[in-house]
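Coordinate analysis (summary)
One letter stands for each residue in the lines below.
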Amino acid sequence: MDASRRSLLVAPGLWALGAHASVAVPAEVAAALPGARMQGSARLRFLGLSVYEARLWSGPTSVTEDWADAPLALEIEYARTLKGSAIAERSLAEMRRQGEIDAATGQRWLTTMVRLFPDVRQGDRLTAVNRPGIGLALFANGQPRGAVDEPAFAQRFFGIWLARQTSEPALRSGLLGRQDAP
């Protein structure tokens, strides 16, 4: 599969919102968010194929419209093999949906994501933890991958799924655990 088709697989596309099955709180989430609970989940499908399931973890207080200022974690469990560089490229494209990113910042963020995002296979998990006012920390299968100490980066990254400008509002509703989710 060529890179352009592969990168389409990581874009929020056709989401099937799942019921909140009993899912254990990942250790990296429990350490960062005492009292963590799953607020919502959704599954990404592309051309009928499952790509990944996303889960939004919050502390005792639910994540709201002020999600950028909230301690939260976004966990992605992959259902297929994807290149980390393709995930990074698609992530930057989705971050740009929220507003202009100058060329130098975009290149710096892309370089950072290519370094942080590993290639993934079925069952692999990437978890990003929002550190309000600081940035984010990234984990792969529970192991630290690194951090980006830049609040603007963290806001744009989590905005891929949680911003009003997301390419998939139904996904946003599902992750936020809203009743209006289809």
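1. Some words on the nonpolar core
By size, the foremost hydrophobic cluster in this structure holds 42 residues, and its most contacted members are F157, F158, W161 and L162. Among the elements that make up this core, the one with the highest residue count is helix α5 (residues 151-162) (seven residues). Among residues more than four places away in sequence, those in contact with F158 are W67, L72, L74, A128, V129, N130, L136 and A163. Counting residues in hydrophobic clusters, the runner-up holds nine residues, among them V29, M38, V129 and F139.

2. Some thoughts on the packing of aromatic side chains
Counting across every chain of the model gives six aromatic pairs. Residues F117 and F157 carry aromatic rings whose centres are separated by 6.0 Å and whose planes lie at 50° to one another, so their mutual orientation is tilted. In this pair, F117 sits in the loop between α4 (103-116) and β5 (125-131) while F157 sits in helix α5, placing the two residues 40 residues apart along the sequence. On the numbers, 5.7 Å between centres and 80° between planes, the contact of F157 with F158 is edge-to-face. In terms of burial, F157 and F158 fall into one category: buried.

3. Topic: α4
The first and last C-alpha atoms of α4 sit 20 Å apart over 14 residues, in line with the 20 Å expected at 1.5 Å per residue. For α4, the full list of buried residues reads T105, G106, W109, L110, T112, M113 and L116. All buried residues of α4 lie within an arc of 165° about the axis, which places them on one face of the element. Facing away from the buried side of α4 by over 90 degrees, the exposed positions are A103, A104 and R115. Contact partners of the buried residues in α4: α3 (84-96), β6 (135-140), β7 (143-148) and α5. Where α4 begins, the side chain of D102 points an oxygen toward the backbone nitrogen of A104, at a separation of 3.1 Å.

4. Concerning the pairing of β6
Across the six residues that make up β6, a large majority, six, are buried. Sheet analysis places β5 next to β6, joined by six bridges and oriented antiparallel. Bridge assignment links V129 to a residue of β6, and that residue is A137. Linkage of β5 to β6, two consecutive antiparallel strands, is achieved through a turn of three residues, within which G133 is found at a positive phi near 80°. Examined bridge by bridge, β6 and β7 share five bridges and lie antiparallel to one another. Bridging across to β7, L138 finds its partner in G146. Between the antiparallel neighbours β6 and β7 lie two residues, among them N141 with a positive phi of about 50°.

What counts as what
- All residue numbers here refer to positions counted from 1 along the written sequence of the relevant chain.
- Local features are withheld for residues below a pLDDT of 70 in this predicted model, meaning they are given only at 70 or higher, and side-chain atom pairs are given and counted only at 80 or more; totals for whole chains, interfaces and linings count all residues.
- Derived side-chain values reflect all non-hydrogen atoms in the structure, with water molecules and hydrogen atoms excluded from consideration.
- Here, the term nonpolar core denotes a set of buried Ala, Val, Leu, Ile, Met, Phe, Trp, Tyr and Cys residues that are joined through side-chain atoms within 4.5 Å.
- Accessible area is worked out with a 1.4 Å probe on protein chains only. A residue is then buried under 20% of its type maximum, exposed over 50%, and partly exposed in between.
- Helix numbers and strand numbers start at the N terminus; a helix is a DSSP run of H or I with at least 4 residues, a strand a run of E with at least 2.
- Any two residues having at least one pair of non-hydrogen atoms within 4.5 Å are treated as being in contact.
- Pairing of aromatic side chains here covers Phe, Tyr and the six-membered ring of Trp, requires ring centres within 6.5 Å, and sorts the geometry by plane angle: under 30 degrees stacked, over 60 edge-to-face, intermediate tilted.
- Given a helix with a known number of residues, its expected span is that number minus one, times 1.5 Å.
- The arc under discussion is defined with respect to the helix axis, by the directions toward the C-beta atoms.
- Here a polar contact is taken to be a pair of N or O atoms separated by no more than 3.5 Å, where protein atoms must pair a possible hydrogen donor with a possible acceptor and residues adjacent in sequence count only if both atoms sit in side chains.
- Whether two strands pair depends on DSSP finding at least two bridges between them.

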